[in-house]
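Geometric and topological summary
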Amino acid sequence: HSMDQHTNDAQLEEEEEEDFIDEEDIGEEVVFENDVPPPPDDDDINDNQQEANQQNDNSQQEEVEEEEDTMNDDKPYVDTSLKQYKVHTDAVYSVSINPKHPTMFATGGGDDLAYIWSTTSPTPLHKLTGHTDSITHIAFSPSDSHLLATASLDAQCKIWDTNAGTLLHSFDGPGESIECITWHSKGPVLFAGSGDGMGWMWNASTGKVMNVFAGHSDAVTKCRFTTDGKKVITVSNDCTLRLWDPKTAQTLHIIKDGGSVPFHNKPIISMACHHDVDSGVVITGSTDTRVSVVNINTGKVMSSLTGHTGSVECVSILTGIPCCVSGSLDKSINVWDINTRQIRSTMYHQDGVVKVHCSASMPHVVFSCSLDNTLSLWDARTGTEVKKFEGHTDHVLDFDVVDNTIVSVGEDNSIRVWNINI
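These numbers come from a predicted model, not from an experiment.

All right, on to the sheet that holds strand E7 (residues 147-152) then. Taken in spatial order, the four strands of this open sheet run E6-E7-E8-E9, and their pairing is antiparallel. For this open sheet the edge positions go to strand E6 (135-140) and strand E9 (166-171), each flanked by a neighbour on one side alone. Strand after strand, the sheet turns through a mean of 20° between neighbouring axes, direction not considered. Where E6 lies against E7, five bridges are found, and the strand directions are antiparallel. Counted as the bridge partner of Phe140 is Leu148 from E7.

The general pattern is negative phi for most residues beyond glycine and trans for most peptide bonds. Positive phi, normally seen in glycine, also occurs at Asp112, with a value near 70°. Within the secondary structure, Asp112 is located in the loop between strand E3 (104-109) and strand E4 (114-118). The phi dihedral of Asp403 falls on the positive side, at around 55°, and the residue is not glycine. Tracing the backbone through its elements, the reader meets Asp403 in the loop between strand E30 (396-402) and strand E31 (405-410). Asp403 sits in the exposed class, given a relative accessible area of 57%.

A separate point is the confidence of the model for the protein chain. Summarising the model, the protein chain shows a mean pLDDT of 87, and 82% of its residues fall at 70 or more. Scored below 50 in pLDDT, residues 1-75 makes 88 contacts in the model with residues more than four places away or belonging to other chains.

Attention now moves to the pattern of salt bridges. The final tally for this structure, using the stated rule, is five salt bridges. Asp79 serves as the salt-bridge partner of Arg416, at 2.9 Å between the closest nitrogen and oxygen. In this pair, Arg416 is assigned in strand E32 (residues 415-419) and Asp79 in the loop between helix H2 (47-67) and strand E1 (83-85), connecting sequence segments 337 residues apart. Exposure remark for Asp79: the relative accessible area of 23% places this residue in the partly exposed category. Between Arg381 and Asp379 there is a salt bridge whose closest N-O contact spans 3.0 Å.

On to the packing of aromatic side chains. For the coordinates displayed, the defined rule picks out ten aromatic pairs. A centroid spacing of 5.0 Å and a plane angle of 65° characterise the contact between Phe191 and Phe213, whose relative ring orientation is edge-to-face. Of this pair, Phe191 sits in strand E11 (residues 189-194) while Phe213 sits in strand E13 (residues 209-213); the two residues are 22 residues apart in sequence, bridging distant segments of the chain. As far as burial versus exposure is concerned, Phe191 and Phe213 are alike and both buried. Ring geometry for Phe191 and Phe225: centres 6.4 Å apart, planes at 85°, overall edge-to-face. On the criterion of sequence distance, the pair formed by Phe191 in strand E11 and Phe225 in strand E14 (residues 220-225) is long-range, its members being 34 residues apart. The buried category is assigned to Phe225, whose relative accessible area is 8%. One aromatic cluster is present, built from ring pairs that chain together Tyr85, Phe105, Tyr115 and Trp117. Cation over ring: Lys355 sits above Phe399, and NZ or CZ is 5.0 Å from the ring centre.

The rules behind the values
- Residues numbered from 1 in each chain as written.
- Predicted model: local features only at pLDDT ≥ 70, side-chain atom pairs only at ≥ 80, totals over all residues.
- Heavy atoms only, no water.
- Pairing = 2+ DSSP bridges.
- Helix = DSSP H or I, 4+ residues; strand = E, 2+ residues; numbered from the N terminus.
- Axes fitted to C-alpha atoms, helices over the stretch in contact; angles between N-to-C directions.
- Buried < 20%, exposed > 50% of the residue type's maximum accessible area, 1.4 Å probe, protein only.
- pLDDT = per-residue confidence, 0-100.
- Contact = heavy atoms within 4.5 Å.
- Salt bridge = Lys/Arg side-chain N within 4 Å of Asp/Glu carboxyl O.
- Phe/Tyr/Trp six-rings, centres within 6.5 Å; stacked < 30°, edge-to-face > 60°.
- Lys NZ or Arg CZ within 6 Å of the ring centre and 35° of its normal.

In structure tokens:
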């Protein structure tokens with residue numbers, strides 16, 4: 001009964017602390033949902049109280065499981081989000097906040113639809129139709145805020161005008177599903193990685209193909225332009241990382257296992273680039289449970305970080321301290337010191353970690369979302385959970401953060417908007 005034990009501990013802690021909550025913070029109070037236990041803690045609990053709560057938990061847990069698919073926002077369960085949108089009729093896979101207009105965001109889902117929203121409106125601004133399979137990635141251009149890209153399992157990328165909600169271009173070169181997309185930071189250029197191992201780069205203004213990148217022998221799982229926009233980095237299920245010249249589509253470096261420092265021997269599924277392009281640091285994560293630190297300027301593996309016991313689904317790099325962050329299906333988030341290669345702190349969700357995100361505006365903070373239906377905000381220096389965001393009734397699949405706002409999406413078909421307010 002240890003899981004229920006933790007739930008009860010947390011509920012009791014909340015009751016004890018209630019007196020210390022400021023009037024204005026009451027809306028932010030977090031109460032743990034019955035089927036989402038918080039991380040373990042060591043407080044003891046009165047046995048009778050535990051038994052009473054235990055029975056209560058069991059009866060409510062059954063209800064939650066039965067009604068999960070049809071749960072409406074007016075059901076009596078905990079939801080600390082500011083706003084909820086339920087328009088998608090299937091899981092929502094991806095969300096992007098417009099960096100130039102942070103009240104605007106876009107979502108894409110398993111219903112083959114994308115929507116453009118404003119946090120000031122209860123209904124979508126635009127419904128984007130035309131994809132014939134799940135939309136798995138959606139992203140606003142950082143340089144041209146009126147451009148939005150969607151990518152789908154139907155092997156197409158589409159570019160939309162965010163103001164009018166109209167389709168500008170459809171790119172259908174790739175032979176298989178689009179696995180990843182990334183915008184150039186300084187112009188209307190979109191790169192996409194495909195399930196067939198190819199990379200594609202388009203001009204999103206003209207709709208023309210700029211280059212095709214051949215070299216990977218399996219799906220391109222993640223792609224990024226370097227911060228200065230002069231190179232493209234891809235990682236793949238073929239267990240390699242490639243650095244490309246976007247102008248010529250030539251490979252500059254191939255990083256693979258077999259050197260003096262081990263690299264990955266299974267599919268690479270996560271990747272993050274250091275904000276300082278001169279450092280050359282790129283972090284990768286794999287289903288082999290390793291986190292690797294590579295230098296793309298030299299093409300060398302700098303270190304191989306072992307400590308996870310499950311697939312490393314997500315990685316990010318902190319701006320305030322020389323550390324990288326990894327999240328795994330083993331339920332843990334590790335903060336690694338890049339220089340000493342040691343784990344600095346470890347945080348835990350109650351189920352697999354889907355995404356971790358480090359924000360330049362909050363240099364010591366890690367955001368995460370999990371298969372345990374929650375999002376969390378952590379202090380990477382100490383490994384403490386600063387805030388938990390509850391309300392989703394199924395796996396949280398993606399989120400985006402701008403300023404004081406988080407928008408999250410998940411398998412409960414819902415979109416939720418949260419205030420960070422810490």
